[in-house]
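# Results of the structural survey
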Number of protein chains: 2
Amino acid sequence: MSISSVPMQKKLISTESGAPAIAGSTGVPVNEKVRRSRMTVLAATAELLFERGFAGASVDEISRRSGVAKTTIYRHWPTRVDLLRDACSTIGTPQKVPDTGSFQTDMTALMTDLAQLLRTARWTSVLPSIIDAAERDPDIADMYSKLQHGYSAPFETVILRAITRGELPDDTDVAMLIAALTGPLFYRRWFSRDPLTDAFAKQIVQRVIR
Amino acid sequence: MSISSVPMQKKLISTESGAPAIAGSTGVPVNEKVRRSRMTVLAATAELLFERGFAGASVDEISRRSGVAKTTIYRHWPTRVDLLRDACSTIGTPQKVPDTGSFQTDMTALMTDLAQLLRTARWTSVLPSIIDAAERDPDIADMYSKLQHGYSAPFETVILRAITRGELPDDTDVAMLIAALTGPLFYRRWFSRDPLTDAFAKQIVQRVIR
């Protein structure tokens, strides 16, 4: 579909504030200003998350760092948790969904990819501070469990396709299977701190889905 | 073995400071005073861990809370990490090691017991703050991974007994099997936050050791 064929309605919805694009006093369209200010705030929030963890990313500090007024920040995000959810979404690393037609091949690819992310991605250092904040604040706990379900979506897709192909039984407990596969990797990354190798990820696949 | 048959050497070693028990100026034996002051400090540290998490348990605050001078605290524990390691050991809940003669029965008992602990034990709320501190401090990371290996000792015992009985192959990768079994429970407790039921723990046992 070319740009010109996008229906007008869709164009309006796709602007981030939902408001029509009218040029402001500086000549920059209002929506473009809104978009830029949101991006500046999200970038400052991500920086603070990396530097100081979840507790260090206060709205005061985010306002100071981004140069965007607190009133403006609260216009974009009603609560700190809303802002932090969006910022967390930007720092995660979405996994590609393999689709070779074989469950074992696809799952092995996803698992070795996840092992590599857990060994190297910068967000893995921020995550325990979010989990810690979630222990004390039910809104953060709820926000984080939704993010986690988003992160595990590629695993769900691969499992559902295997069920459709008949490689897995119809009554497969998808959430249990995701926990059985990814849980051991999380355990090594943050709890036992034993080496999190590709070989380990493959051993888990073999043990869980043989 | 009765108390009177304990060799003298052992009696001396068993005193916590290692020093001989000589009565101090108050008439209380020195070792008893040392033991009491250590216990007071450990209790204050555990209290602070529960209230404020790992970052909130500073030696300053522990000294204030316990009424024990910082110089005394540092005489017992050379570093804050040494003190926190001992305090963490006291707040954990050691699991009993079942020994029914059947690997499946023993492991199911351990796993449902762990699921119950993860649902109810107070230390589970403190743990993410330790994991978070470990991300920034290699000494804490090292301390915590040793504690974690201690917590998983009952699982190791049950697996090693099953190898001895011939229920598991001689070349069983014990650390991998512990990760495969306990990882999914940790994942549900702190990451996905899906219900951590006994039924889930049993499903994991069946899937991993069938």
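Rules used in this analysis
- Residues numbered from 1 in each chain as written.
- Chains lettered and ligands numbered in written order.
- Predicted model: local features only at pLDDT ≥ 70, side-chain atom pairs only at ≥ 80, totals over all residues.
- Heavy atoms only, no water.
- Contact = heavy atoms within 4.5 Å.
- Buried area = accessible area lost by both parts, 1.4 Å probe.
- Salt bridge = Lys/Arg side-chain N within 4 Å of Asp/Glu carboxyl O.
- Helix = DSSP H or I, 4+ residues; strand = E, 2+ residues; numbered from the N terminus.
- Phe/Tyr/Trp six-rings, centres within 6.5 Å; stacked < 30°, edge-to-face > 60°.
- Buried < 20%, exposed > 50% of the residue type's maximum accessible area, 1.4 Å probe, protein only.

As named in an unreviewed UniProt entry, chain A is AcrR family transcriptional regulator, taken from Caballeronia udeis.

### Side note on the interface of chain A and chain B
Counting from both sides, the interface comprises 43 residues of chain A and, opposite them, 43 residues of chain B. Between chain A and chain B, the buried area comes to about 3,700 Å², and carbon and sulfur atoms account for 58% of it. For Arg 189 of chain A, the salt bridge goes to Glu 135 of chain B, with nearest N and O atoms at 2.9 Å. Among the secondary structure elements, those contributing two or more residues to the side of chain A that touches chain B are helix 7 (123-136), helix 8 (138-151), helix 10 (174-192) and helix 11 (198-209) of chain A. Broken down by element, the side of chain A that touches chain B gets its largest block of residues, 16 residues, from helix 10 of chain A.

### Brief notes about the packing of aromatic side chains
Residues and elements named next belong to chain A. Counted by the stated rule, this structure contains 12 aromatic pairs over all chains. With 5.5 Å between their ring centres and 55 degrees between their planes, Phe 186 and Trp 190 make a pair best called tilted. Here the residue Phe 186 and the residue Trp 190 both occupy positions in helix 10, the gap between them amounting to 4 residues, near one helical turn. Its relative accessible area of 6% is what places Phe 186 among the buried residues.

### With respect to the pattern of salt bridges
If the charged atoms of two oppositely charged side chains come close together, the side chains can form a pair. Counted by the stated rule, this structure contains 32 salt bridges over all chains. We note a salt bridge from Arg 65 of chain B to Glu 47 of chain B, for which the minimum N-O separation is 2.7 Å. Taken as a pair, Arg 65 of chain B in helix 3 (residues 59-66) and Glu 47 of chain B in helix 2 (residues 30-56) lie far apart in primary sequence, 18 residues in all. Arg 65 of chain B gets classed as partly exposed once you look at its relative accessible area, which sits at 29%. Judged by relative accessible area, which is 38%, Glu 47 of chain B ranks as partly exposed. As a salt-bridge pair, Glu 167 of chain B and Arg 165 of chain B come within 2.8 Å of each other at their nearest N and O atoms. Since its relative accessible area comes to 35%, Arg 165 of chain B is described here as partly exposed. Through salt bridges that share partners, Glu 32, Arg 35 and Arg 36 of chain A make up one connected network.

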